[in-house]
Amino acid sequence: MLLALDDAISTVVLAGRGADAEIFGVIDLTSKIEVRIGAISLGRAIQFVANASVLGYDVGGAMVLYGDQERQA
């Protein structure tokens, strides 16, 4: 999904970019080991995913979780 600034979902996500986030399913391409990235802001998580291939990570199967997980279940 392309992030559109006038899209309602994008607006909600961008408003919450300071929320705590965790990234699961990241693979370090050098060691071929899964790396869990947690306790970062949603904005940084989005930046990480956008730049993962340059940084040497595969995020093809990754999942970014943020906000109150109990409410989302």
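Read on for an overview of the structure. (Residues numbered from 1 in each chain as written. Predicted model: local features only at pLDDT ≥ 70, side-chain atom pairs only at ≥ 80, totals over all residues. Heavy atoms only, no water.)

The number of helices and strands found in the protein chain is 3 helices and 4 strands. From first element to last, N terminus to C terminus, the protein chain shows the α and β order α-β-β-α-β-β-α. Sorting the 73 residues of the protein chain into buried and exposed places 21% on the buried side. Pairs at least 24 apart in sequence give 48% of the contacts found in the protein chain among residues at least 6 apart. (Helix = DSSP H or I, 4+ residues; strand = E, 2+ residues; numbered from the N terminus. Buried < 20%, exposed > 50% of the residue type's maximum accessible area, 1.4 Å probe, protein only. Contact = heavy atoms within 4.5 Å.)

Turning our eyes to something else, we now look at helix 2 (residues 42–55). Between its first and last C-alpha atoms helix 2 spans 18 Å; for 14 residues at 1.5 Å apiece the expected length is 20 Å, and the two agree. Taking the largest bend as the criterion, helix 2 deviates by roughly 40 degrees, centred on Val-49. Turning to helix 2, its buried residues are Leu-42, Gly-43, Ala-45, Phe-48 and Ala-52. (Expected span 1.5 Å × (residues − 1). Bend = angle between axes of the 7 residues up to and from the residue.)

Moving on, we come to the pattern of salt bridges. Using the criterion set out here, one finds 1 salt bridge in the structure. Between Glu-22 and Arg-36 there is a salt bridge, with its nearest N and O atoms 2.3 Å apart. Of this pair, Glu-22 sits in strand 1 (residues 20–28) while Arg-36 sits in strand 2 (residues 33–41); the two residues are 14 residues apart in sequence, bridging distant segments of the chain. (Salt bridge = Lys/Arg side-chain N within 4 Å of Asp/Glu carboxyl O.)

Given a relative accessible area of 28%, Glu-22 falls into the partly exposed group. Residues Glu-22 and Tyr-66 lie 44 residues apart in sequence; the distance between their C-alpha atoms is 6.6 Å. Among residues more than four places away in sequence, those in contact with Glu-22 are Arg-36, Ile-37, Gly-38, Ala-39, Met-63, Val-64 and Leu-65. There is a polar contact of 2.3 Å between the side chain of Glu-22 and the side chain of Arg-36. (Polar contact = N/O pair within 3.5 Å; in protein donor to acceptor, adjacent residues only side chain to side chain.)

Moving on, we come to the packing of aromatic side chains. Overall, the coordinates contain 1 aromatic pair when judged by the stated rule. The interplanar angle of 55 degrees and the centroid separation of 5.3 Å between the aromatic rings of Phe-48 and Tyr-57 together place this pair among those described as tilted. Residue classification places Phe-48 among the buried positions, given a relative accessible area of 13%. (Phe/Tyr/Trp six-rings, centres within 6.5 Å; stacked < 30°, edge-to-face > 60°.)

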